[in-house]
Amino acid sequence: MALTGLQINKLLPGTNCKECGSNTCLAFAMKLAARKAQITECPYASEEAHRILFEATEPPVRAVYFGPNKKFVVGEETVLYRHEKAFVHPPRIGLHILETDSDMLFEEKLDAAVNYTYHRVGEEFGIDCIALTCEKNNDLFVNRAETVWNRCNKPLVLNCNDVNSVLRVCEKIANSGSILCCSIENCDQFIEIAQKYNFALSLHVNTLDELFTKVTEMRNRGFFQIFLQFTTYSLSEHFLTNTIVRSAAIKYGIKSLGFPFLRFVQSGDIWESAIESITEILKYGGIIILPNFDPALLASLFTLRMNAYSDPQKPIQVDPNIYLIGDPTKNSPVFVTTNFSLTYFVVSGEIENSGISAYLVVPECEGMSVLTAWAAGKFTAPKIASFINEKKLTDMLETKRLIIPGYVAQISGELSELLPEWDILVGPQEASDIESFVKSRLL
Ligand code: SF4
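Since the model is a prediction, treat every value here as computed from it, not as a measurement.

K.L.:
Any chance you could break down the overall build of the protein chain for me, citing the residues and the numbers?
P.N.:
Helix and strand counts for the protein chain stand at 17 helices and 17 strands. When its C-alpha atoms are laid out on the principal axes, the protein chain stretches across 75 × 70 × 40 Å. Buried positions account for 35% of the 443 residues belonging to the protein chain. Taking as baseline every contact in the protein chain between residues at least 6 positions apart, the subset at least 24 positions apart corresponds to 63%.

K.L.:
Can you explain the site of the ligand? Please cite residues and give values.
P.N.:
Close contacts around the ligand come from 13 residues, with Cys 17, Cys 20, Cys 25, Phe 28 and Cys 42 the closest. Of the residues contributing to the shell around the ligand, the split by class is eight nonpolar, three polar and two charged.

K.L.:
Summarise the confidence of the model for the protein chain; cite the residues concerned and give the values.
P.N.:
Summing up the model confidence of the protein chain, the mean pLDDT is 93 and the portion of residues at 70 or higher is 100%. When mean pLDDT is compared element by element in the protein chain, strand E7 (residues 156-159) scores highest at 98, while helix H3 (residues 47-57) scores lowest at 83.

K.L.:
An account of unusual backbone geometry is needed here, citing residue identities and associated values.
P.N.:
Non-glycine residue Glu 76 carries a positive phi angle of around 60°. On the secondary structure map, Glu 76 appears in the loop between strand E2 (72-75) and strand E3 (92-98). Overall, the presence of 16 C-beta atoms within 10 Å leaves Glu 76 in the partly exposed class. Even without glycine at this site, Glu 366 takes up a positive phi of about 55°. As for its placement among the helices and strands, Glu 366 is situated in the loop between strand E15 (358-362) and helix H13 (370-375).

K.L.:
Now, about the nonpolar core: what can you tell me, with residues and values included?
P.N.:
By size, the foremost hydrophobic cluster in this structure holds 63 residues, and its most contacted members are Ala 145, Leu 156, Leu 158, Leu 180, Leu 201, Ile 226 and Phe 227. Of all the elements, helix H5 (residues 138-152) adds the most residues to this core, at five residues. Ignoring anything within four residues of it in the chain, the contact list for Phe 227 reads Val 64, Ile 179, Ala 200, Leu 201, Ser 202, Phe 259, Pro 260, Phe 261, Leu 262, Gly 286 and Ile 287. Counting 32 residues, the second-largest nonpolar core is a separate cluster that includes Tyr 359, Cys 365, Ala 381 and Ile 388.

K.L.:
Tell me about the pairing of strand E6 (residues 129-133), and name the residues and values.
P.N.:
Each regular strand shows side chains that alternate between the opposite faces of the sheet. A large share of E6 lies buried, amounting to four of its five residues. Sheet topology places E3 next to E6; five bridges connect them, and they run parallel. Paired with Ile 97 across the strands is Leu 132, a residue of E6. Here four bridges tie E6 to E7, and the two strands are oriented parallel to one another. Each bridged residue has a counterpart across the sheet, and for Ala 131 the counterpart in E7 is Val 157. Tracing the backbone out of E6, into H5 and back to the parallel element E7 gives a crossover that is right-handed.

K.L.:
So what's going on with the sheet that holds strand E13 (residues 321-325)? Which residues, and what values?
P.N.:
Across the sheet, which stays open at both edges, the five strands sit in the order E13-E15-E14-E16-E17 with mixed pairing between neighbours. Each having just a single partner strand, E13 and strand E17 (423-426) make up the two edges of the open sheet. The mean inter-strand angle of the sheet, taken between neighbouring strand axes irrespective of direction, is 25°. The sheet contact formed by E13 and E15 spans five bridges and is antiparallel. Bridge pairing in E15 links Ile 322 to Val 361. Sheet strands in contact with helix H12 (residues 341-354) are E13, strand E14 (334-336) and E15, and its direction is about 170° off that of E15.

K.L.:
Residue-level account of the pairing of E15, with values.
P.N.:
Counting buried positions along E15 yields five of five residues, so the element is predominantly enclosed. Side chains of E15 alternate between two faces, with Ala 358, Leu 360 and Val 362 and Tyr 359 and Val 361 buried alike. Inspection of the sheet shows E14 paired to E15 by three bridges, in the parallel sense. Paired with Val 336 across the bridge in E15 is Val 361. Regarding the hand of the β-α-β motif, the stretch spanning E14, H12 and E15 is right-handed.

K.L.:
Hey, could you go over helix H2 (residues 25-33) for me, with residue numbers and the actual values?
P.N.:
Within the span of H2, buried status applies to Cys 25, Phe 28, Ala 29 and Leu 32. Relative to the axis of H2, the buried residues are bounded by an arc of 105° and lie together on one face. Those residues of H2 that are buried are in contact with helix H1 (5-9) and H3. Just downstream of H2, Arg 35 is the residue with a positive phi angle, here 60°.

K.L.:
Describe the environment of Ser 273, and please don't skip the residues or the numbers.
P.N.:
Structurally, Ser 273 can be placed in helix H10 (residues 270-282). Judged by the 18 C-beta atoms lying within 10 Å of it, Ser 273 falls in the partly exposed class. Excluding anything up to four places from it in sequence, Ser 273 contacts Val 265, Gln 266, Ser 267, Gly 268, Leu 290 and Pro 291.

K.L.:
Please set out the packing of H5 against helix H6 (residues 163-172) residue by residue, giving values where relevant.
P.N.:
Two elements in contact, H5 and H6, have axes whose closest approach is 9 Å; the angle formed by their N-to-C orientations is 20°. It follows from the interaxial angle that H5 and H6 lie roughly parallel. By crossing handedness, the relation of H5 to H6 is classed as right-handed. The residues of H6 that touch H5, namely those facing Asn 138, Phe 141, Val 142, Ala 145, Glu 146 and Trp 149, are Ser 165, Arg 168, Val 169 and Lys 172. Grouping the constituent residues of the contact of H5 with H6 by class yields five nonpolar, two polar and three charged.

K.L.:
Talk me through the environment of Asn 69; I want residue IDs and the actual numbers.
P.N.:
Checked against the element boundaries, Asn 69 lands in the loop between strand E1 (63-66) and E2. Placed 107 residues apart in sequence, Asn 69 and Ser 176 show a C-alpha to C-alpha distance of 7.8 Å.

Calculation criteria
Residues numbered from 1 in each chain as written. Predicted model: local features only at pLDDT ≥ 70, side-chain atom pairs only at ≥ 80, totals over all residues. Helix = DSSP H or I, 4+ residues; strand = E, 2+ residues; numbered from the N terminus. Buried ≥ 20, exposed ≤ 12 C-beta atoms within 10 Å, placed from the backbone. Contact = placed C-beta atoms within 7 Å. Near = placed C-beta within 6 Å. Nonpolar A, V, L, I, M, F, W, Y, C, P; charged D, E, K, R; others polar. pLDDT = per-residue confidence, 0-100. Core = buried A, V, L, I, M, F, W, Y, C linked by C-beta atoms within 7 Å. Pairing = 2+ DSSP bridges. Right-handed = clockwise from strand over helix to strand, strands pointing away. Axes fitted to C-alpha atoms, helices over the stretch in contact; angles between N-to-C directions. Arc of directions from axis to C-beta. Parallel < 35°, antiparallel > 145°, perpendicular 65-115°, else oblique. Left-handed = near helix turned anticlockwise from the far one by under 90°.

See the structure below:
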């Protein structure tokens, strides 16, 4: 819970020495309360003050970092529902390899982990980590872990009860920022290994009581790089457990439950795997380990994740600019659309599919789609004309043909007046008709 300036003032030395840049400790305390200063700026603040302030500003769900150079972060969420603010760090997707998988299956999964990418509205996604489970052959587990790291350079989730085997692997993948799965029984041994290699731990529990007790103990030992892993026996229990734990952390401030989740999705029926993964994405998943490589499922999950983790108050948008499609010349046509990402990528894709080279003019429309931007006065003839003039496009081209979306045909007259050197053509309403428009009107 946030502290007031007066409460913080009681934690400060009270000498008013001014070394922090404030005239008094109280003034500095007020800045701290407003988050305009850091406690480290006072050289005389006690360890107790550091600890209390750190805890007061700690997010309800801790950020947990993993991967080489700690490049992945999950957690740090502050709301239960996306519409309250936004979800911050999307869950990461991993692929599960068993040490008992055949050599052929092992190779297939490794290839997928290295080569699979999915592109959507200008972003690229892939498999973030590999979970490796040891069922019986410790030596094979160690060899495969090393192979995975050398080939993929992605963090591993090591799921093995044998401490010696895990230690052997850790020595080989020391810079991977990996995650070690542990249980209540072997947690203490695994904390030491995780601390030595700067790895995170995924604590697997059967009950929430066990979870609370053990995580409290780990926090008291100063270990915070924790994932929570639950045993559940049905989809409804899975849904309920995730919701209860996250609500306890965010609504009731129970810090020992405020950590991201890690889940191994059950193998078997593809639909059940899909529903389980979807539940995890929508209900607070941190790392989701898929049992098999299935590009169709992955594409759906990445799309869903992107939607769930976009900021509801900020449409996804591309930078206003003139984009080149293909290799346009001084006589190529010029299309215009808004900077809503989905609109931009659909229109540019369809122009590309039509086989011509063209310019795509994208003025600032605050990320709105064509009709919304027009209705809001962001995609009007004066705005389009002034953007084209500002970019000096008229001087660059010999043939000046501007194709506007069919939905805003009504601005064509005004555009002709504002851009007298240009032919204004009304294009199709739907981007999917661009190809036939190009063939019938531009070629
Ligand atoms: S440096 Fe510390 S002790 Fe000195 S005025 Fe600032 S808060 Fe007070």
